[in-house]
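Below are the chains, spelled out letter by letter.
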Amino acid sequence: MSRLPIPGSDSGSWGTVLNDFLDVSHNADGSLKSSQVASAGAELTNNKGQANGYAPLDGSSKVPIANLPVGSIGNTVAAGNDSRITGALQSGAAAAGDLSGTYPNPTVVKLNGVTVTGTPANGKILTASSASAASWQAPSSNAWQFDVRTYGAVGDGTTNDTTAIQSAIDAAAAYGLANQGYAEVIFAPAIYLLSSTARTDRSGNAQLALPIIAATANKLTLAFLGTQDSASMPHWNATTPQLNGVVLKSTWNAPDQSGSSNEGSVIGGPTLPNGYVTGANYSNCNIVIKGIQIQVPFTARGSDTTGIDLRGMANAHVEDVAFFPAATPNQLNTTYATPGWNLGIAMPVPGNNDLSIMRNCSVEGATYGFYLGEHLSADRLAAIYCYTGILSGGFFSSVGQLHYNWIGSASVEACVNAVHVVSGGKVVINALSVEGSMNHLVDNAGTAVGSIGLGGIISTINVSNPTNVKVTYLDAAAGTVAAPTMPASTTALRNPFWRDAAVQVNNGSATVTNVSVDGATILTGPGMVIVPSGKRITVTYSGGTPTWSWTLL
């Protein structure tokens with residue numbers, strides 16, 4: 001057999017051995033012996049694309065499609081109309097079933113017929129909210145927390161989320177009753193549209209109806225939890241309605257129910273007369289609402305739909321909460337002059353279980369901004385563009401107001417009435433800041449008691465006469481002031497300074513025979529008397545005009 005030369009052993013015969021080797025595959029003229037090359041297994045150029053040859057390659061070192069056998073029989077690539085192709089979809093074809101969009105990149109919208117919403121992300125899980133719907137959710141390890149999105153709430157401001165949120169409320173209530181009396185309804189920051197009308201099957205009139213728990217049962221604490229703070233008020237130059245993170249946006253304009261007192265609300269429990277008193281449907285619940293804004297339709301009176309109605313609930317704790325109509329401050333300005341009949345936030349009526357707390361709450365555009373009930377402890381209540389900023393008293397209940405309402409700081413601006421106390425109500429407000437011309441205290445029966453520290457932008461202090469609520473003008477400094485003009489003998493003068501005052505009465509050119517304070521004789525001649533804020537001093541004299549000096553305490 002011919003071979004190549006072997007180095008070191010073919011010296012002097014390399015050419016002969018090499019020629020003998022090449023003669024096997026070459027002719028004498030140097031051309032290849034095709035038969036010899038082919039029999040050795042090599043492919044020749046003229047075998048390219050031939051039967052039993054090899055396929056040519058294109059510039060990308062790939063076999064061109066044109067060289068593939070296409071047909072409708074075996075051992076060929078199937079053609080587009082080949083009967084062997086079944087169920088295939090071409091690019092651009094519409095997807096169906098559990099898929100949507102077009103091929104080759106459809107999207108998954110269902111799993112086995114279950115509609116899937118939300119956006120998947122690291123750590124999220126697919127959570128069923130019903131037999132036909134599921135959404136991508138962050139997992140929760142807390143069984144007592146009920147996220148409204150899990151129950152189908154979308155929070156896009158256009159989808160009606162009323163039913164979904166009500167389902168979450170009812171599920172949380174059922175869990176709380178069965179497990180230590182506590183559950184939470186969780187709201188992620190979003191605008192949740194509530195376009196359904198109110199339901200009345202729970203002795204109330206609310207879009208989101210609170211449960212009725214028997215007085216003999218363990219009290220249920222049901223918490224509605226939103227963002228850290230939803231009480232921000234719009235700047236007076238704002239040109240769009242204020243939004244504060246978690247917004248329950250109601251588009252239901254409640255009809256005027258003032259004849260029956262069954263006011264329509266966004267969140268509410270039993271109302272009157274169908275609930276708390278006449279029908280005795282008391283709800284043994286402690287309702288906690290934190291970090292949620294209620295938005296209601298804007299009307300000619302500011303609003304007609306109540307925001308949060310907790311009058312028929314046993315307890316309440318409302319914090320970082322706001323109530324605003326869907327309007328700008330400029331639109332709300334002056335609408336409060338015509339009263340309607342709705343409440344921004346209403347707390348439990350007298351007869352509740354001594355747990356009534358409000359912290360950092362804002363109301364604009366309600367007929368009655370805040371209804372206090374009794375046992376209330378509050379700080380930072382702010383009411384603007386309301387007919388009455390703060391309403392107190394026992395008139396919503398057959399139980400009179402037996403206990404006090406205490407407010408650390410309240411702000412009332414651009415309202416007709418700052419504080420209205422009815423039916424012998426009891427209220428203490430440490431600091432009431434006001435702005436705009438208004439009635440600072442209305443006491444319709446003259447039997448209210450308590451105290452109010454008043455300050456702010458005030459031209460004239462307007463307080464009901466009589467009243468047993470002591471109003472103290474905080475902006476007036478203690479010390480000697482210019483005395484008012486001495487009135488005619490036996491004519492009562494109400495202390496005009498709204499601070500306790502020491503009044504020194506002198507005969508002057510007259511003879512003083514009596515000095516009384518609020519009708520009670522203090523002196524039978526000249527001397528000094530203390531005239532409390534808001535009380536009346538009467539001097540009886542003859543023969544001239546007495547003199548007096550006033551010192552504020």
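Our structure's up above, just so we're on the same page.
Cut-offs used in this document
Residues numbered from 1 in each chain as written. Predicted model: local features only at pLDDT ≥ 70, side-chain atom pairs only at ≥ 80, totals over all residues. Heavy atoms only, no water. Helix = DSSP H or I, 4+ residues; strand = E, 2+ residues; numbered from the N terminus. Rg over C-alpha atoms; globule rule 2.2 N^0.38 Å. Buried < 20%, exposed > 50% of the residue type's maximum accessible area, 1.4 Å probe, protein only. Contact = heavy atoms within 4.5 Å. Areas by Shrake-Rupley, 256 points an atom, 1.4 Å probe, with all protein chains shown as cover. Lys, Arg positive; Asp, Glu negative; His and termini not counted. Charge placed at Lys NZ, Arg CZ, Asp CG, Glu CD. Salt bridge = Lys/Arg side-chain N within 4 Å of Asp/Glu carboxyl O. Pairing = 2+ DSSP bridges. Patch = residues over 30% accessible without salt bridge, like charges linked within 9 Å, V, L, I, M, F, W, Y side chains within 5 Å. Phe/Tyr/Trp six-rings, centres within 6.5 Å; stacked < 30°, edge-to-face > 60°. Expected span 1.5 Å × (residues − 1). Polar contact = N/O pair within 3.5 Å; in protein donor to acceptor, adjacent residues only side chain to side chain.

Draft legend 1. Representation of the overall build of the chain. Scanning the chain from terminus to terminus reveals 4 helices and 39 strands. Relative to a compact globule of 553 residues, whose C-alpha radius of gyration would be 24 Å, the chain shows 43 Å and is clearly more extended. Counting only C-alpha atoms, the chain reaches 165 × 60 × 45 Å along its principal axes. Per-residue burial for the chain yields a buried fraction of 45% across its 553 residues. Long-range contacts, defined here as pairs at least 24 residues apart, represent 59% of the contacts in the chain between residues at least 6 apart. Summed over all atoms, the accessible surface of the chain reaches about 25200 Å², with 53% contributed by carbon and sulfur. Side chains of the chain give 23 positive and 31 negative charges; the mean places of these two sets differ by 5 Å.

Draft legend 2. The arrangement of the pattern of salt bridges in detail. Applying the stated rule across the entire model yields 12 salt bridges. One salt bridge connects Lys-290 with Glu-319, and the closest N-O pair in it is separated by 3.9 Å. In this pair, Lys-290 sits in strand β17 (residues 283-290) while Glu-319 sits in strand β20 (residues 313-325), placing the two residues 29 residues apart along the sequence. A relative accessible area of 30% means that Lys-290 is categorised as partly exposed. Of the residues examined, Glu-319 reaches a relative accessible area of 17% and is grouped as buried. Here Asp-500 makes a salt bridge to Lys-470, at a shortest N to O gap of 2.7 Å.

Draft legend 3. Just the sheet that holds strand β36 (residues 520-523), in detail. With antiparallel pairing, the 4 strands of this open sheet are ordered in space as β33-β38-β35-β36. Looking at the sheet topology across the chains shown, the edges are occupied by β33 (493-494) and β36. One ladder, built from 6 bridges, connects strand β35 (residues 511-517) with strand β38 (residues 536-542); its direction is antiparallel. Bridge assignment links Ser-516 to a residue of β38, and that residue is Thr-538.

Draft legend 4. Just unusual backbone geometry, in detail. Note that the residue after Tyr-103, namely Pro-104, is joined by a cis bond; omega there is 15°. Each neighbour pair has its own omega, and for Asn-465 with Pro-466 the value is 10°, a cis peptide bond. Along the polypeptide, Pro-466 turns up in the loop between β30 (449-457) and β31 (468-473). Even without glycine at this site, Trp-498 takes up a positive phi of about 55°. Mapped onto the fold, Trp-498 is located in the loop between β33 and β34 (501-506). Judged by its relative accessible area of 6%, Trp-498 falls in the buried class. The backbone of Asp-518 sits at a positive phi, close to 55°, despite the residue not being glycine. As for its placement among the helices and strands, Asp-518 is situated in the loop between β35 and β36.

Draft legend 5. Geometry of the environment of Leu-310. For Leu-310, the location among the structural elements is in the loop between β19 (306-309) and β20. Separated by 24 residues in the primary sequence, Leu-310 and Asn-286 place their C-alpha atoms 9.6 Å from one another. Setting aside residues no more than four positions away along its own chain, Leu-310 makes contact with Leu-210, Ile-287, Ala-316, Val-318, Ala-346, Met-347 and Pro-348.

Draft legend 6. Looking closely at the sheet that holds strand β6 (residues 114-117). Reading across from one edge, β5-β6-β8-β7 is the order of the 4 strands in this open sheet, with mixed pairing throughout. Of all the strands in the sheet, just β5 (110-111) and β7 (125-128) have a single pairing partner and so form its edges. Relative to β6, β5 runs antiparallel, the two sharing 2 bridges. Counterpart to Lys-110 in the pairing with β6 is Thr-115.

Draft legend 7. Representation of a nonpolar patch on the surface within the structure. On the surface, a nonpolar cluster with roughly 240 Å² of combined accessible area is contributed by Leu-4, Phe-21 and Leu-22. Of the residues examined, Phe-21 reaches a relative accessible area of 32% and is grouped as partly exposed.

Draft legend 8. Examining the pairing of strand β22 (residues 356-364) more closely. The buried fraction of β22 amounts to 7 of the 9 residues, a majority that puts the element mostly inside the structure. As paired elements, β22 and strand β24 (residues 376-384) share 8 bridges and run parallel to each other. Bridged to Met-358 within β24 is Ala-378.

Draft legend 9. Just the packing of aromatic side chains, in detail. Using the criterion set out here, one finds 7 aromatic pairs in the structure. Between Phe-146 and Tyr-151 the ring centres are 6.5 Å apart and the planes differ by 40°, which places this aromatic pair in the tilted class. When the ring of Trp-341 is compared with that of Tyr-368, the centres are 5.4 Å apart and the planes differ by 85°; the resulting orientation is edge-to-face. With Trp-341 in the loop between α4 (329-332) and β21 (343-346) and Tyr-368 in strand β23 (residues 368-371), this pair connects stretches of sequence that are 27 residues apart. Following the ring pairs from residue to residue traces out a cluster consisting of Phe-146, Tyr-151 and Tyr-175.

Draft legend 10. Inspection of helix α3 (residues 162-178) at higher detail. Taking 1.5 Å of rise per residue, 17 residues should cover 24 Å, and α3 covers 25 Å from first to last C-alpha, within 8% of that figure. Along α3, the residues classified as buried are Thr-162, Ala-164, Ile-165, Gln-166, Ala-168, Ile-169, Ala-172, Ala-173 and Gly-176. Positive phi appears at Gln-180, one or two residues downstream of α3, with a value of about 60°.

Draft legend 11. Spotlight on the side chain of Ser-464. You can see Ser-464 is positioned in the loop between β30 and β31. In terms of polar contacts, Ser-464 uses its side chain to reach the backbone amide nitrogen of Asp-443, at 2.8 Å. Those residues in contact with Ser-464 that sit more than four places away from it in its chain are Leu-441, Val-442, Asp-443 and Arg-494.

Draft legend 12. Region of the structure containing the pairing of strand β15 (residues 246-250). Burial of β15 is extensive: 4 of the 5 residues sit out of reach of the surface. Relative to β15, strand β12 (residues 190-194) runs parallel, the two sharing 5 bridges. Within β15, the residue paired with Ala-190 across the bridge is Val-246. Where β15 meets strand β18 (residues 293-296), 3 bridges bridge the pair, whose relative direction is parallel. Within the sheet, the bridge partner assigned to Val-247 lies in β18 and is Gln-293.

Draft legend 13. Looking closely at the environment of Pro-350. For Pro-350, the location among the structural elements is in the loop between β21 and β22. By relative accessible area, which is 0% here, Pro-350 ends up buried.

In short, shape yes, function no, at least from these values alone.
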